[in-house]
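Okay, here's what each chain looks like letter by letter:
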Amino acid sequence: MRVITGKARGVQLKTPEGMLTRPTADRVKEALFSIINFDIPGADVLDLFGGTGQLGIEALSRGAKRGVFVDAREEACQLIRENLRRTKLSQEGTVVRGDYMDYLNRCKEKFSIIFLDPPYAEEYLENAIKRITEIDILQTDGIIVAERPVGKELPWEFDGFLRSKDYKYGKTLLTIYRKL
């Protein structure tokens, strides 16, 4: 797993042992960043289910202003910090250990891009999207990027949001919600 492009291009990211974290495949990551490429420069990014931090780090490498990485597991937070150090992006990144819903419920910051790539088997994705659309943490014209397995459905409509088509890459689907 590596940073694809930008100021940290080619840096290998440390990956976790075991199956608790499922990093986004490079092919899916490349496609995702092609879709949102023009939204990245100067963006404030939230990587809500941080894992390895690779999505937020890729955005920082491509010109995002800052990134906040949230994960409930201390091992994941340590891994994100290590990957920020490897890429020399520590100054632009903040790592928060905590439950995603607790973070959303107390968040007072605004973001222009929110990455959601939670464990597939849980309902974290649906709950996170619903909560984000209820609170005011996404800037106008900001985007939510949701990654999920084929077969897992997401709602089409949320007040004040426009949903993109699904982008399919093997067994993975990407969906973009844009705040109007």
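Above this note sits the structure.
All values reported here derive from a predicted model rather than from experimental measurement.

Student: Would you mind going over the nonpolar core with me for this structure?
Tutor: Ranked by size, the top nonpolar core spans 30 residues in total, and within it Leu32, Phe33, Ile36, Leu84, Ile113, Phe115 and Val145 carry the most contacts. At five residues, the largest contribution of residues to this core is made by helix α1 (residues 26-36). Cys107, Ile114, Ile135 and Tyr177 belong to the second largest nonpolar core, which has 26 residues in total.

Student: Explanation requested: the pattern of salt bridges in the structure shown.
Tutor: Within this structure, the stated rule accounts for 21 salt bridges. Among the salt bridges present, the one from Lys29 reaches Glu58, with a minimum N-O distance of 3.9 Å. Taken together, the residues Lys29 in helix α1 and Glu58 in helix α2 (residues 54-61) connect sequence positions 29 residues apart. For Glu58, a relative accessible area of 0% gives the class buried. Residue Glu82 pairs with Arg85 through a salt bridge whose shortest N-O separation is 3.3 Å. Residue Glu82 and its partner Arg85 are located together in helix α3 (residues 74-86), separated by three residues, close to a single helical turn. The exposure class of Glu82 is partly exposed, given its relative accessible area of 24%. It is possible to trace a salt-bridge network through shared partners that takes in Asp44, Lys65, Arg66 and Glu109.

Student: How should I be thinking about unusual backbone geometry in this particular structure?
Tutor: Even without glycine at this site, Lys88 takes up a positive phi of about 60°. Locating Lys88 in the fold gives a position in the loop between α3 and β3 (93-97).

Student: What exactly am I supposed to notice about the packing of aromatic side chains here?
Tutor: The geometry of an aromatic ring pair comes down to the distance between the two centres and the angle between the two planes. Using the criterion set out here, one finds five aromatic pairs in the structure. Measuring from ring centre to ring centre gives 4.9 Å for Phe49 and Tyr100, while their planes differ by 45°; the resulting arrangement is tilted. With Phe49 in the loop between β1 (44-47) and α2 and Tyr100 in helix α4 (residues 100-106), the pair connects residues that are 51 residues apart, well separated along the chain. Here the aromatic residues Phe49, Tyr100 and Tyr124 are joined through ring pairs into a cluster of three or more. Lying over the aromatic face of Trp156, Arg163 brings its terminal NZ or CZ to 3.8 Å of the ring centre.

Student: What exactly am I supposed to notice about the environment of Phe161 here?
Tutor: Here Phe161 lies in strand β6 (residues 161-163). When the C-alpha positions of Phe161 and Ile176 are compared, they lie 9.8 Å apart, and in sequence the two are 15 residues distant. Discounting chain neighbours no more than four positions away, the residues touching Phe161 are Thr133, Leu138, Ile144, Tyr177, Arg178, Lys179 and Leu180.

Student: Even after reading the chapter, I still don't get the state of the cysteines, so can you show me in this structure?
Tutor: When the sulfur atoms of two cysteines share a covalent bond, that bond is a disulfide. For the structure shown, the criterion picks out zero disulfides. Cys77 forms no disulfide, and the closest cysteine sulfur to it belongs to Cys107, at a distance of 16 Å. Relative accessible area serves as the criterion here: at 0%, Cys77 is assigned to the buried category. A residue is classified by how much of its surface remains accessible, and Cys107, at 11% relative accessible area, is buried.

Student: Which parts of the structure should I look at to understand the packing of α1 against α2?
Tutor: The geometry of a pair of packed helices is captured by two quantities: the angle between their axes and the separation between those axes. At a minimum axis separation of 11 Å, α1 and α2 run at an interaxial angle of 45°. Between α1 and α2, the crossing angle belongs to the class labelled oblique. For the element pair α1 and α2, the recorded crossing hand is right-handed. Residue-level contacts link Lys29, Leu32 and Phe33 of α1 to Gln54, Leu55, Glu58 and Ala59 of α2. Along the lines of polarity and charge, the residues of the contact of α1 with α2 split into four nonpolar, one polar and two charged.

Quick notes on the rules
- Residues numbered from 1 in each chain as written.
- Predicted model: local features only at pLDDT ≥ 70, side-chain atom pairs only at ≥ 80, totals over all residues.
- Heavy atoms only, no water.
- Core = buried A, V, L, I, M, F, W, Y, C linked by side-chain atoms within 4.5 Å.
- Buried < 20%, exposed > 50% of the residue type's maximum accessible area, 1.4 Å probe, protein only.
- Helix = DSSP H or I, 4+ residues; strand = E, 2+ residues; numbered from the N terminus.
- Salt bridge = Lys/Arg side-chain N within 4 Å of Asp/Glu carboxyl O.
- Phe/Tyr/Trp six-rings, centres within 6.5 Å; stacked < 30°, edge-to-face > 60°.
- Lys NZ or Arg CZ within 6 Å of the ring centre and 35° of its normal.
- Contact = heavy atoms within 4.5 Å.
- Disulfide = S-S within 2.5 Å.
- Axes fitted to C-alpha atoms, helices over the stretch in contact; angles between N-to-C directions.
- Parallel < 35°, antiparallel > 145°, perpendicular 65-115°, else oblique.
- Left-handed = near helix turned anticlockwise from the far one by under 90°.
- Nonpolar A, V, L, I, M, F, W, Y, C, P; charged D, E, K, R; others polar.

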